Number of protein chains: 2
Amino acid sequence: MSESRGPGRRPGRRPGVSDTRGQILTAARTIFAEKGFDKATIRGIARAAGVDPALVHHYFDTKEGVFIAAMRVPFDPAVIVPLLLNGPREEMGERLVRFILTVTADPQAREPVLALIRTAVTNEQAVAMIREFMTDALLGRAAAALGIPMLRMEAAFAQMFGMLMARYILRLEPMASADPEELIALVAPAIQRYVAP
Amino acid sequence: MSESRGPGRRPGRRPGVSDTRGQILTAARTIFAEKGFDKATIRGIARAAGVDPALVHHYFDTKEGVFIAAMRVPFDPAVIVPLLLNGPREEMGERLVRFILTVTADPQAREPVLALIRTAVTNEQAVAMIREFMTDALLGRAAAALGIPMLRMEAAFAQMFGMLMARYILRLEPMASADPEELIALVAPAIQRYVAP
């Protein structure tokens, strides 16, 4: 991910056209995380990105298009599947938990994950879209690559999803401020059992 | 829990006064599950229960009061802590997962859990209330009773919470239609590891 200027920067410094797409996605992550899918608008995203709404439509067509592009980044199967497979099989659980905690440690990278959770929980229409993406692109591909039943992949997902909920949304203590290494030591064996039985 | 008449029943059959409180709670579970905390109203809950809004205020004072009373049922620490402790320690994980899946198998009993999740994810004000309840009354008491660190109790909670999300909110297949016994066999060992190390 390239660095981007926050929407609060002085309007005089305009980014190059080639940055515009990334800038819209950065703004979209913030807006979706704050408002969820339903209440977010193309107009609001454009405003936060400092661009014309027509440009958002040009790059992503619809709000759904922006959402899919914005949410794919941290869960990219093209990143996660090789991450699982490259390295010792007995450390797969640890690699996966470390990856998830590392990605979400950065508040800006965490935003799309929280946006995804908020949307999944509150929006019936979006949940179908998210379920399709999760099942086909992410969990299905990972389960196939590992040669494990889908239910095991989903149990592993449930553990990590619940951990993110407890840490970043419910902010339960001591989970919310726990050192990542302590969490990895605690949770990785459960993931390992699911993904490499 | 006593049986209650659905809001759709003929208005001629009025329940006894002693049922009114239970009837309001049943209606509240439905309304909170459908709308979340923010959009639910005392008036809407009263309407669904077929009672005067003044009666809802009389029993529960505020919307928060209704919510706390309604959400306490399936997560009652007075039920969960003895359940964990009564029986062999090596089957604790299994007892806990079976209890959670049995309670949530009934759509009516599941509603408060889903209401809780929707509210926690979307309402900043309610999340503080839920966090307090979770930490002090539920997880804190369970961790103390088991003599384990709070972080372990929260990891177990995260696993079960994520499982309920995947099964009932995201409705990922095959998790959504999996036989409870298959899920128990898969998930209970992870819970066991957390709560009885």
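Rules behind the numbers
- Each chain carries its own residue numbering, running from 1 in the written order of its sequence.
- Lettering for chains starts from A, numbering for ligands starts from 1, and both go in the order in which the items are written.
- Where local features are concerned, this predicted model is filtered to residues with pLDDT of at least 70; where side-chain atom pairs are given and counted, the filter is 80 or more; whole-chain, interface and lining totals use all residues.
- Remark: hydrogens and water are excluded; side-chain values derive from all non-hydrogen atoms of the structure.
- A run of H or I in DSSP becomes a helix once it reaches four residues, and a run of E becomes a strand once it reaches two; helices and strands are each numbered from the N terminus.
- Buried, partly exposed and exposed residues are distinguished by accessible area as a fraction of the type maximum, computed with a 1.4 Å probe on protein chains only: under 20%, between the cut-offs, and over 50%, respectively.
- Here, residues are in contact when the closest pair of their heavy atoms is within 4.5 Å.
- Accessible surface area values rest on a Shrake-Rupley calculation with a 1.4 Å probe, where residue burial reflects the displayed protein chains alone.
- What gets called buried area is simply the loss in accessible area from a 1.4 Å probe that two parts show on being joined, summed for both.
- Any pair of N or O atoms that falls within 3.5 Å is considered a polar contact. Within protein, one atom must be able to donate a hydrogen and the other to accept it, and sequence-neighbouring residues count only if both atoms are side-chain atoms.
- The classification used treats Ala, Val, Leu, Ile, Met, Phe, Trp, Tyr, Cys and Pro as nonpolar, Asp, Glu, Lys and Arg as charged, and all other residues, Gly among them, as polar.
- Copy-to-copy alignment: least squares on C-alpha atoms, limited to residues at pLDDT 70 or above in both.
- The quantity called bend is, for any residue, the angle between two axes fitted respectively to the seven residues ending at it and the seven beginning at it.
- Only the stretch in contact is used when fitting a helix axis, every axis being a line fitted to C-alpha atoms; angles between N-to-C directions are given from 0 to 180 degrees.
- Oblique is the label for every angle not falling under 35 degrees (roughly parallel), over 145 degrees (roughly antiparallel), or within 65 to 115 degrees (roughly perpendicular).
- By definition, any crossing whose near helix is turned counterclockwise from its far helix by less than a right angle is left-handed, and any crossing with a clockwise turn is right-handed.
- Throughout this description, the term salt bridge denotes a Lys or Arg side-chain nitrogen within 4 Å of a carboxyl oxygen of Asp or Glu.
- The pLDDT value tells you how sure the predictor is about a given residue, anywhere from 0 up to 100.
- UniProt positions are given in the numbering used here, feature names are shortened, and annotations may be inferred rather than shown by experiment.

What follows is about the overall build of chain A. On a plain count of helices and strands, chain A comes out with 10 helices and 0 strands. Scored against the burial criterion, the 197 residues of chain A give a buried share of 53%. Sequence-distant contacts, at least 24 apart, represent 65% of the contacts inside chain A between residues at least 6 apart. Counting every atom, chain A has about 9,100 Å² of accessible surface; 52% of that belongs to carbon and sulfur.

Another point: the interface of chain A and chain B. The interface of chain A with chain B comprises 42 residues on the first partner and 42 residues on the second. Carbon and sulfur atoms supply 67% of the area buried between chain A and chain B, which totals about 3,600 Å² over both sides. Scanning the region where chain A abuts chain B turns up 12 residue pairs in polar contact (both at pLDDT 80 or more). Mapped by element, the contributors of at least two residues to the side of chain A that touches chain B are α7 (107–122), α8 (124–146), α9 (150–169) and α10 (180–195) of chain A. At 14 residues, α9 of chain A tops the list of elements feeding residues into the side of chain A that touches chain B. Taken together, the residues of the side of chain A that touches chain B break down into 29 nonpolar, 4 polar and 9 charged.

Right, let's get into the relation of the copies chain A and chain B. Superposing chain A onto chain B takes a rotation of 180° combined with a translation of 0.0 Å along the rotation axis, leaving an RMSD of 0.1 Å. Given the turn and translation reported, the copies of this chain are related as if by a two-fold rotation axis. Looking at chain A, 100% of its interface residues are interface residues in chain B too, so the copies touch through the same face.

Before going further, it helps to spend a moment on the environment of Leu170 of chain B. Structurally, Leu170 of chain B is set in the loop between α9 (150–169) and α10 (180–195). A residue is classified by how much of its surface remains accessible, and Leu170 of chain B, at 3% relative accessible area, is buried. Leave out the neighbours within four places in its chain, and Leu170 of chain B touches Ala120, Val127, Ile130, Arg131 and Phe157 of chain A together with Met165 of chain B.

Bringing α10 of chain B into the picture now. The largest bend in α10 of chain B amounts to roughly 40° and is located at Val187 of chain B, with the proline Pro189 of chain B lying one to four residues further along. For α10 of chain B, the capping residue at the N-terminal end is Asp179 of chain B, with a side-chain oxygen 2.9 Å from the backbone nitrogen of Glu181 of chain B.

Taken N-terminus to C-terminus, the directions of α9 of chain A and α9 of chain B make an angle of 115°; their axes are 7 Å apart at the nearest point. What the angle tells us is that α9 of chain A and α9 of chain B run roughly perpendicular. Viewed along their axes, α9 of chain A and α9 of chain B form a crossing whose handedness is right-handed. Residues Ala155, Phe157, Ala158, Gln159, Phe161, Gly162, Met163, Met165 and Ala166 of chain A of α9 of chain A pack against Ala155, Phe157, Ala158, Gln159, Phe161, Gly162, Met163, Met165 and Ala166 of chain B of α9 of chain B. Partitioning the contact of α9 of chain A with α9 of chain B into residue classes produces 14 nonpolar, 4 polar and no charged.

All names here are of chain A. Applying the stated criterion to the full structure yields 4 salt bridges over all chains. Across the pair Glu94 and Arg98 runs a salt bridge whose closest N-O atoms are separated by 2.9 Å. Placement of both Glu94 and Arg98 in helix α6 (residues 92–105) is noted, with a separation of 4 residues, approximately one turn of the helix. In this structure Arg98 comes out as partly exposed when scored by relative accessible area, which is 30%.

Mapped onto the fold, Gln159 of chain A is located in helix α9. Beyond its immediate stretch of four places on either side in the chain, Gln159 of chain A contacts Val187, Ala190 and Ile191 of chain A together with Ala155, Ala158, Gln159 and Tyr194 of chain B.

Attention shifts here to the confidence of the model for chain A. Residues and elements named next belong to chain A. Per-residue confidence for chain A averages 83 on the pLDDT scale, and 85% of its residues sit at or above 70. By mean pLDDT, helix α5 (residues 77–85) is the weakest element of chain A at 77, and α10 is the strongest at 97. Confidence over residues 1–15 falls short of pLDDT 50; this stretch has 8 contacts with residues more than four positions distant or in other chains.

Residue and element names in this part refer to chain A. Between Glu173 and Pro174 the backbone carries a cis peptide bond, its omega angle lying at 10°. Within the element layout of this structure, Pro174 appears in the loop between α9 and α10. One non-glycine residue with positive phi stands out, namely Arg171, at about 50°. For Arg171, the location among the structural elements is in the loop between α9 and α10.

The next subject is the environment of Thr102 of chain A. Residues and elements named next belong to chain A. As for its placement among the helices and strands, Thr102 is situated in helix α6. Sequence separation between Thr102 and Pro180 is 78 residues; the distance between their C-alpha atoms is 8.0 Å. Of the polar contacts made by the side chain of Thr102, one reaches the backbone oxygen of Arg98; its length is 2.5 Å.

Before going further, it helps to examine the UniProt feature "DNA-binding region" (unreviewed entry) in chain A. According to UniProt, the feature "DNA-binding region" (unreviewed entry) maps to residues 41–60 of chain A in the numbering used here. Helix makes up 80% of residues 41–60 of chain A and strand 0%, whereas the separation of the span's terminal C-alpha atoms amounts to 13 Å.

α10 of chain B packs onto α9 of chain A with a crossing angle of 35° between their chain directions and a minimal axis gap of 11 Å. The handedness of the crossing between α9 of chain A and α10 of chain B is right-handed. Contacts from Leu151, Arg152, Ala155 and Gln159 of chain A in α9 of chain A reach Glu182, Leu183, Leu186 and Tyr194 of chain B in α10 of chain B. Residues that form the contact of α9 of chain A with α10 of chain B fall into these classes: 5 nonpolar, 1 polar and 2 charged.

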